[in-house]
Structures are given as C-alpha cells and as structure tokens.
Amino acid sequence: MDSPVTVGQFEARLEGIRKRIADACGRAGRSPGEVALLPVTKRVPPELVNVAAGCGLDAFGESRVQEALQKIPLCPGHVQWHMIGHLQSNKVRQAVELFSVVHSVDSLKLLKVMEDACGQSGRTMRVFLEINVSGEGSKYGLKQDEAPAVLAACEAFPRVEVAGLMTIPPVSGDPETARPHFRRLREIRDSLRGISGMSLSELSMGMSHDFEIAVEEGSTVVRIGSALFRD
Ligand SMILES: *Cc1c(COP(=O)(O)O)cnc(C)c1O
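Not measured: the values here are computed from a predicted model.

**A look at helix H7 (residues 179-196)**
Counted at 1.5 Å a residue, the expected span for H7 with its 18 residues is 26 Å, and the 26 Å between its end C-alpha atoms agrees. What H7 keeps buried is the set Arg179, His181, Phe182, Leu185, Ile188, Arg189 and Leu192. Buried residues along H7 sit in contact with helix H6 (147-153), strand S6 (160-166), strand S7 (202-204) and helix H8 (211-216). Positioned one or two residues after H7, Gly197 has a phi angle of 75°, which is positive.

Put into structure tokens, the structure is as follows:
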C-alpha cells in the first residue's frame, strides 16, 4: 500500500501514462509533443529516480527543498529539477542552487528574492506563476487580479523568465470537477498575454488523478507522482 513501485512496474506505469497522455491529446486534436511529463519524486527513493532517468526521463519535480537537498546529490548529475511545492523566501537561496524551474511562484516578494539570489550565484530561473483560480482549493497562489502587476514587475528581473502559469484545483474525488479550473487557467493566460505582451506559452496543470482532463484543456506540463511511482 502506497509503497514505491518496482523497476519492472515502473516501466509499465510510464508506458501507460504516456499512452493516456497521447490519447487525451488525440481527443483534443493536440500533438503529444506539446505535453511534457514531469515525474514527481517526492517520497520516492533515489534508486527509483535513477531507474526513471535510465528510461530517458531527464527532469523531475520535488515539492520540498529539504528533501531535494538530500536526494539530488544521489541522482544522476545531468537531470534537471523543478520545484513544484510552496517556496518560502528563506529557502530561495538553496532553491536557486538546486532547481532550474520553479512552478509555484505566488508573490512579487518571492520573485524579487529569487532575482537577487540568481544574481549572486550567476544563475537564471524559469518560473510559472501559481494562480489560485477559484479562491478556494490551494491556500497558495496569486489571485487573477494580482497577476498583471506581478508580470509587469518582472521586467525589472532579468534573471527570472516567466514561462507560464500553474494551478492546483481543489481536491475532489471526481476528476471532472477540475475541468473548469483548468479551462479557467487557460483563459486567464490568454487574457494576461494580451495585457502583458508576454507569450506565457506554458500551462503547468494536471496530476495523477486528473492529468487527462488537464491535457484536454491545454496543459503543456503534467506533474505526475503517485500514478508513476506508488503502488
Ligand atoms: C505531489 C504533487 C504533484 C503530484 O501529485 P500526484 O497526485 O502524486 O500525481 C503535483 N503537483 C504538486 C504541486 C505536488 O505537490
């Protein structure tokens, strides 16, 4: 129960998820190449990350800086790490050393701290703005009406590149309840495009239980943990 999968199970899981992504793309008239699979390795031991990397996966998501600090040195050096969980300002300096993408930027303050930390370590960071679409669900995330000012401020942050938006819909047993949240995130992106002139081409949305719906609604990155790694 909820233990990590075996090596043999992992390969079958990966194949199954890729097929389901491709099928969802087919239903939506999209190409599977438009959707990146980000395997989420929180609570997954480094041995299994190494197996996944051996299958050609080269970017992984972690949700806590502390866990990532311990795990990343035990994993292949060529893979990229994405921070997907809530990031506190006092962890940004460490996060900048560990991660190349942050999916969970939810304040202007965080961006400013990130710009400074990137400047000091000579790095750049690709980020997603996390949007709290419904006002419920995740307690984190920017409200839609806060996003334009945050994007405008990014002009002053040359080391931070905003790739797009991310959302986490409210937890629900029925994946269909997530659909309006995913659709809304895409609409918010379209509107912010017009306001900011940025392309915001990426939409990070969809997890193990609802990724097919997210793909149907335009996701470009699905963040999948348990469906890949847990029994
Ligand atoms: C854990 C986590 C995921 C993956 O969740 P699963 O349901 O295990 O696929 C995706 N996004 C975030 C932000 C997470 O914390």
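**Points about the site of the ligand**
Every residue close to the ligand is listed here: Val40, Lys42, Ser63, Ile84, Ile168, Met207, Ser208, Arg223, Ile224, Gly225 and Ser226. The contact in question runs from an oxygen atom of the ligand to an N or O atom on the side chain of Ser208, over 2.5 Å. With respect to the ligand, the backbone of Gly225 contributes an N or O atom lying 2.8 Å from an oxygen atom. For the ligand, whose free accessible area comes to 390 Å², the fraction covered by protein is 85%. A breakdown of the residues in the shell around the ligand according to their chemical character gives five nonpolar, four polar and two charged.

**Examining the pairing of strand S4 (residues 101-105)**
In terms of burial, S4 is largely enclosed, as five of its five residues are buried. With two bridges joining them, strand S3 (residues 80-83) and S4 adopt parallel strand pairing. Its bridge partner lying in S4, His82 is registered against Val101. As for the winding sense of the linkage, the β-α-β connection from S3 through helix H4 (residues 92-98) to S4 is right-handed. Taken together, the three bridges between S4 and strand S5 (residues 125-130) define a ladder with parallel strand orientation. From the neighbouring strand, Val102 faces S5, where its bridge partner is Val127. In the classification by handedness, the crossover that spans S4, the intervening helix H5 (residues 108-121) and the parallel S5 is right-handed.

**Looking at the pattern of salt bridges**
In the structure shown here, the tally under the stated rule is 20 salt bridges. A salt bridge links Asp116 to Lys112, with the shortest nitrogen-to-oxygen separation between them at 3.1 Å. A residue pair is termed a helical-turn pair when its members lie 3 or 4 positions apart in one helix, as Asp116 and Lys112 do in helix H5 at four residues. The exposure class assigned to Lys112 is partly exposed, which follows from its relative accessible area of 41%. With its nearest N and O atoms 3.0 Å apart, the salt bridge here joins Arg186 to Glu217. Highlighted residues: Arg186 in helix H7 and Glu217 in the loop between H8 and strand S8 (221-224), separated in sequence by 31 residues. Residue classification places Arg186 among the partly exposed residues on the basis of a relative accessible area of 27%.

**With respect to the nonpolar core**
In this structure, Phe10, Leu37, Leu87, Leu111, Met114, Val127 and Leu129 are the most contacted members of the largest nonpolar core, which totals 67 residues. Counting residues per element, this core draws most heavily on helix H1 (residues 7-28), which supplies six residues. The residues contacting Met114, other than those within four sequence positions of it, are Leu87, Val92, Val96, Val102, Val105, Met125, Val127 and Val160.

**Here's the deal with helix H2 (residues 46-54)**
In an α-helix, one turn spans 3.6 residues, which is why side chains three or four residues apart end up on the same side. Within H2, the full set of buried residues consists of Pro46, Leu48, Val49, Val51, Ala52 and Ala53. Turning to H2, the residues buried within the fold contact H1, strand S2 (59-62), helix H3 (65-71), S3 and helix H9 (226-229). The positive-phi residue at the C-terminal boundary of H2 is Gly56, with phi of around 100°.

**Observations concerning the pairing of S6**
Along S6, six of the seven residues are buried, which leaves the element largely enclosed by surrounding structure. Where S5 and S6 come together, six bridges link them in parallel fashion. Its bridge partner lying in S6, Phe128 is registered against Gly164. Summarising the sheet, S6 and S7 pair through three bridges and their orientation is parallel. Bridge pairing in S7 places Met166 opposite Ser204.

Basis of the calculations
- Residues numbered from 1 in each chain as written.
- Predicted model: local features only at pLDDT ≥ 70, side-chain atom pairs only at ≥ 80, totals over all residues.
- Heavy atoms only, no water.
- Helix = DSSP H or I, 4+ residues; strand = E, 2+ residues; numbered from the N terminus.
- Expected span 1.5 Å × (residues − 1).
- Buried < 20%, exposed > 50% of the residue type's maximum accessible area, 1.4 Å probe, protein only.
- Contact = heavy atoms within 4.5 Å.
- Near = heavy atom within 4 Å.
- Polar contact = N/O pair within 3.5 Å; in protein donor to acceptor, adjacent residues only side chain to side chain.
- Areas by Shrake-Rupley, 256 points an atom, 1.4 Å probe, with all protein chains shown as cover.
- Nonpolar A, V, L, I, M, F, W, Y, C, P; charged D, E, K, R; others polar.
- Pairing = 2+ DSSP bridges.
- Right-handed = clockwise from strand over helix to strand, strands pointing away.
- Salt bridge = Lys/Arg side-chain N within 4 Å of Asp/Glu carboxyl O.
- Core = buried A, V, L, I, M, F, W, Y, C linked by side-chain atoms within 4.5 Å.

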